[in-house]
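Inside the fold
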Amino acid sequence: EAAVTQSPRNKVAVTGGKVTLSCNQTNNHNNMYWYRQDTGHGLRLIHYSYGAGSTEKGDIPDGYKASRPSQENFSLILELATPSQTSVYFCASGDLHSAETLYFGSGTRLTVL
Amino acid sequence: GDSVTQTEGLVTLTEGLPVMLNCTYQTIYSNPFLFWYVQHLNESPRLLLKSFTDNKRTEHQGFHATLHKSSSSFHLQKSSAQLSDSALYYCALSEGDSNYQLIWGSGTKLIIKP
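What comes next concerns the included structure. (Residues numbered from 1 in each chain as written. Chains lettered and ligands numbered in written order. Predicted model: local features only at pLDDT ≥ 70, side-chain atom pairs only at ≥ 80, totals over all residues. Heavy atoms only, no water.)

1. Considering the overall build of chain B
- Counting secondary structure elements, chain B contains zero helices and 12 strands.
- Reading chain B from its N terminus to its C terminus gives the helix and strand order β-β-β-β-β-β-β-β-β-β-β-β.
- Rg of the C-alpha trace for chain B: 14 Å, near the compact-globule value of 13 Å for 114 residues, within the 12% margin.
- Here the C-alpha coordinates of chain B stretch approximately 45 × 30 × 20 Å along the principal axes.
- A fraction of 55% describes how many contacts in chain B between residues 6 or more apart in sequence connect residues 24 or more apart. (Helix = DSSP H or I, 4+ residues; strand = E, 2+ residues; numbered from the N terminus. Rg over C-alpha atoms; globule rule 2.2 N^0.38 Å. Contact = heavy atoms within 4.5 Å.)

Here it is in structure tokens:
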């Protein structure tokens, strides 16, 4: 079974602070994704990556940066956190060449006060 | 651009009744992949089933769906709902070409009552 691990599971941050969400996958998948999930909006793509060193903007990238230093690791960075970024964040990985079945991490619940 | 429509935001059923969750899509690509993901409370989404073959029924864990390209539909069905089926269900589309991105529907929350 594919494994995607996110940390932390829960995070409380202050407005204007920097937040880094981490994701590690042991599936050797090329593609990795960051989504946020809010009631009424479903899953929205923030950033994604096709491999180490690459990051691409998703549908809602404003206020977020991403970093993919290796095949296994993909981070989401909030340089100046705002209350509107309070949400549940999911990392996922998938195989570029197999109909894109995504394997999700357990999620990070972020609260920005 | 491509899109996925799930018309029901909330479906409430009594245990034992049949389930049908609607999913329609729009794409210019002739060979899309369609997916259903399920997310139980306080869990992450996981793949339930997927298909790219026209008019072929795909089954998994008691659920089934058939991709109908003629009507651009991929409805999720189950003959008899169980309490454990209560969850959030997402339909998603992949263009199945060089761009392996998923286009997500807005999700349908299914509540099964005793």
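Having put the structure on the table, let's press on.
2. Re the interface of chain A and chain B
- Listed per partner, the contact involves 19 residues of chain A and 17 residues of chain B.
- With both sides pooled, the region where chain A packs onto chain B buries about 1,500 Å², and carbon together with sulfur makes up 54% of that total.
- Counting the contacts that link chain A with chain B gives zero salt bridges.
- Within the residue set of the side of chain A that touches chain B, elements represented by two or more residues are strand E4 (31–38), strand E5 (42–49) and strand E10 (102–104) of chain A. (Buried area = accessible area lost by both parts, 1.4 Å probe. Salt bridge = Lys/Arg side-chain N within 4 Å of Asp/Glu carboxyl O.)

3. As for unusual backbone geometry
- In this model, A:Ser7 is joined to A:Pro8 through a cis peptide bond whose omega is -5 degrees.
- Positive phi, normally seen in glycine, also occurs at A:Asn28, with a value near 60 degrees.
- Here A:Asn28 is to be found in the loop between strand E3 (19–25) and E4.
- The class of A:Asn28 is exposed, set by a relative accessible area of 59%.
- With a phi angle near 50 degrees, B:Ser72 is a residue other than glycine that sits in the positive phi range.
- Tracing the backbone through its elements, the reader meets B:Ser72 in the loop between strand E8 (63–66) and strand E9 (76–78).
- A relative accessible area of 23% places B:Ser72 in the partly exposed class. (Buried < 20%, exposed > 50% of the residue type's maximum accessible area, 1.4 Å probe, protein only.)

4. So, the nonpolar core
- B:Trp36, B:Phe74 and B:Tyr89 are the most contacted members of the largest nonpolar core, which totals 24 residues.
- Listing elements by their share of this core, those giving two or more residues are strand E2 (10–14), strand E3 (19–21), strand E5 (33–39), strand E6 (46–51), E8, strand E10 (87–94) and strand E12 (108–113) of chain B.
- It is E10(B) that provides the largest number of residues to this core, a total of four residues.
- In terms of nonpolar packing, the next biggest core, distinct from the first, is built from 18 residues, A:Val4, A:Leu21, A:Leu76 and A:Ala81 among them. (Core = buried A, V, L, I, M, F, W, Y, C linked by side-chain atoms within 4.5 Å.)

5. Section: the sheet that holds strand E7 (residues 57–60) of chain B
Residue and element names in this part refer to chain B.
- Ordered in space as E3-E9-E8-E7, the four strands form an open sheet in which the pairing is antiparallel. Two strands close off the open sheet at either side, each with one partner strand: E3 and E7. In this sheet, adjacent strand axes meet at a mean angle of 20 degrees when their direction is disregarded.
- Pairing of E3 with E9 involves three bridges; the strand directions are antiparallel. Its bridge partner being in E9, Leu21 is matched across the sheet by Leu76. (Pairing = 2+ DSSP bridges. Axes fitted to C-alpha atoms, helices over the stretch in contact; angles between N-to-C directions.)

6. A word on the pattern of salt bridges
Residue and element names in this part refer to chain A.
- Enumeration over the complete set of coordinates arrives at five salt bridges over all chains.
- Between Asp38 and Arg36 there is a salt bridge, with the nearest N and O atoms lying 2.8 Å from each other. Each member of the pair, Asp38 as well as Arg36, is classed as buried.
- Between Arg44 and Asp38 there is a salt bridge, with the nearest N and O atoms lying 2.9 Å from each other.
- Since its relative accessible area comes to 16%, Asp38 is described here as buried.

7. A closer look at the state of the cysteines
Residues and elements named next belong to chain A.
- This model, assessed by the stated rule, comprises two disulfides over all chains.
- Two residues share a disulfide in this structure: Cys23 and Cys91, whose sulfurs sit 1.9 Å from each other. Its S-S torsion of about -80 degrees marks the bond between Cys23 and Cys91 as left-handed, since a negative value means left-handed. With a gap of 68 residues between them, Cys23 in strand E3 and Cys91 in strand E9 (residues 87–94) connect regions that are remote in the sequence. Grouping residues by exposure puts Cys23 and Cys91 together as buried. (Disulfide = S-S within 2.5 Å.)

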